[in-house]
Amino acid sequence: MNEIAIVGAGLAGLTAALRLTQEGYRVRIFERYPRPGGLARALEIGGEPLEAFYHHIFTTDTDYVAFAEEMGLGDEIEWLPSKMGIWADGRLWEFGTPASLLRFGPLRLIDKIRFGLSTLWLQRQRDPRPFESVTASDWIRRYQGERTWKTVWGPLLYQKFADEAENVAMVWLWRKVSLRGGSRSRSGMGERLGYMRGSFIRLVETLVAKIEAGGGTFHLTEEVRRVETDGGIFSIVTRRDTYRASKVLVAAPIPDHLAVAGQLLADDERTALSRLRATGAICTILELENSLTPFYWLNIADPEMPFGGLIEHTNYIPADRYGGRRLLYISNYLFTDHPLYSAPKSEIIETYLPHLKRVNPAFDASWILSSHHFRADYAQPVVTIGYREQIPPMRTSVRGLYLCSMAQIFPEDRGQNYAIAYGDKVAKVMLEDLDRGEG
Ligand SMILES: Cc1cc2nc3c(=O)[nH]c(=O)nc-3n(C[C@H](O)[C@H](O)[C@H](O)COP(=O)(O)OP(=O)(O)OC[C@H]3O[C@@H](n4cnc5c(N)ncnc54)[C@H](O)[C@@H]3O)c2cc1C
């Protein structure tokens, strides 16, 4: 039997599925949602697809660009200027360029000099290891100062990692800063970010079509409940049916891996996996009559605000593509036990309204033409000291069972680029085993 089952039709699962079908294997892909794409899935606004969670790529996302070219979509990526800001000390500031740093009021000149010089130094470092044994909070306090931690980085890390913020390793921040630096200097014109005409879902759709053309089968709205094994053959149990496969790839978050295959794993492996933490995300999209801020990306460095970022998509992609509507994502990373995480959309918007008015006093609830709300239980892996040793292997302790998850991406942070790169990598690992006749 040469059938391979893949749990999860996110970009990692789809990339692996494509590579396996290209080598002549029959692949079945199971996805709990009605549509493929995972965190990169889309909805429609004014007849135009839009990501449920805001998405762009950086010029350093070379795996994404190469893959898009392979899929015939290379020319569809637009590199457009983006404007970044920060809400700090009760007002909006432009941020992200040397000139804007000089104008940034909440920091003193000495803080700005330390910030600027240490950022340049970080961007030039190539070896991740020195940053793996120190927390971002200790490093920033030491090299940029307490004020910069309290004003800029602390609020941002708390927003993204909640009560884990002080435990995040510097390697996570270093990689972000160094990649962002690369993204700026290569374009030579400030920061340009990449977006796919018609949204990133086009790559997902192209992948699905190619996998189907290669003989792959999709089982959408078919959540895998359990994976069992008997004599080297796997059973994939869903609510509808049970399927057989010689190999199984779980291309999904760690908690889903544990839920479907945890009982098969070695005890120490299961324990190590269950220690890995990730914040969830709630993302509210407001379709607005007017623009809220002049920025595409607005970081919120204010613990009083109930959200961490305002991403005004139509300050980056022209609003006329969406029937003239202004599209605002309100981003909020939370652990899933936070009361706001599972609160209904209306309650969340009610909570946000007065804070949107602080950002722009002219804002009024009547500006909201429509709204959408999405949750992701597993959105941002928490990278702590010594993370390299905790990265789960792609070959699990069960022969024939593989894992490809955001938690494996290191030292870079999660992103479509790495979902593709790691999907490719896991397929290579599986093909190596198949070539050796294992399975
Ligand atoms: C708020 C937010 C903003 C982001 N912004 C960007 C950005 O600007 N640029 C960028 O490049 N990336 C961004 N990302 C990250 C990017 O979306 C992800 O890194 C990438 O899509 C992950 O792909 P994946 O296949 O690894 O995982 P996922 O997309 O999580 O896919 C896993 C799939 O497995 C399915 N699944 C899980 N368990 C089961 C089961 N038991 N049975 C069946 N199906 C199952 C899930 O439904 C899901 O579809 C963002 C993510 C978030 C949350």
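These numbers were taken from a predicted model, which means no experiment stands behind them.

Cut-offs used in this document
- Residues numbered from 1 in each chain as written.
- Predicted model: local features only at pLDDT ≥ 70, side-chain atom pairs only at ≥ 80, totals over all residues.
- Heavy atoms only, no water.
- Core = buried A, V, L, I, M, F, W, Y, C linked by side-chain atoms within 4.5 Å.
- Buried < 20%, exposed > 50% of the residue type's maximum accessible area, 1.4 Å probe, protein only.
- Helix = DSSP H or I, 4+ residues; strand = E, 2+ residues; numbered from the N terminus.
- Contact = heavy atoms within 4.5 Å.
- Axes fitted to C-alpha atoms, helices over the stretch in contact; angles between N-to-C directions.
- Parallel < 35°, antiparallel > 145°, perpendicular 65-115°, else oblique.
- Nonpolar A, V, L, I, M, F, W, Y, C, P; charged D, E, K, R; others polar.
- Near = heavy atom within 4 Å.
- Polar contact = N/O pair within 3.5 Å; in protein donor to acceptor, adjacent residues only side chain to side chain.
- Areas by Shrake-Rupley, 256 points an atom, 1.4 Å probe, with all protein chains shown as cover.
- Domains from an automatic or database assignment.
- Buried area = accessible area lost by both parts, 1.4 Å probe.
- Salt bridge = Lys/Arg side-chain N within 4 Å of Asp/Glu carboxyl O.

Further remarks concern the nonpolar core. Ranked by size, the top nonpolar core spans 135 residues in total, and within it I6 and W153 carry the most contacts. Of the residues forming this core, the biggest block, 11 residues, is contributed by helix α13 (residues 416–435). Apart from residues lying up to four places away in sequence, W153 is in contact with F115, I140, Q144, T148, L173 and V177. Judged by nonpolar contacts, the second largest core, of 25 residues, contains F295, M305, I330 and L353.

For the pair helix α4 (residues 109–124) and helix α5 (residues 136–143), the least separation of the axes is 10 Å and the interaxial angle reads 125°. On the basis of their axis angle, the class for α4 and α5 is oblique. Here R114, S118, W121 and L122 of α4 come into contact with α5, specifically with W139, R141, R142 and Y143. Here the contact of α4 with α5 is built from residues that sort into 4 nonpolar, 1 polar and 3 charged.

To continue, consider the site of the ligand. Around the ligand, a shell composed of 28 residues is seen, among which E31, L39, H55, H56 and Q416 lie nearest. In this structure, E31 approaches the ligand through a side-chain N or O atom, which is 2.6 Å from an oxygen atom. Between the ligand and the protein, one listed contact pairs a nitrogen atom with a backbone N or O atom of H56 at 2.8 Å. Across the complex, the protein chains shield 95% of the 1000 Å² of accessible surface that the ligand would expose by itself. Broken down by secondary-structure element, the contributors of at least two residues to the shell around the ligand are α1 (11–22), α9 (254–261) and α13. Residue composition of the shell around the ligand, by class: 16 nonpolar, 7 polar and 5 charged.

Moving on, we come to the domain arrangement of the chain. Per the domain assignment, the segments of the chain are domain 1 (3–55 + 199–277 + 390–435), domain 2 (97–185) and domain 3 (279–381). At the boundary of domain 2 with domain 3, total buried surface from both sides reaches about 890 Å², with 61% on carbon and sulfur atoms. On the domain 2 side of the interface with domain 3, the three residues burying the most area are L156, Q159 and K160, jointly 56% of the side's total. Inspection of the region where domain 2 meets domain 3 yields 0 salt bridges. Our count for the domain 2 to domain 3 interface comes out at 3 residue pairs in polar contact (both at pLDDT 80 or more). The element best represented in the side of domain 2 that touches domain 3 is helix α6 (residues 146–161), accounting for 7 residues. Its residues assigned to classes, the side of domain 2 that touches domain 3 shows 6 nonpolar, 2 polar and 3 charged.

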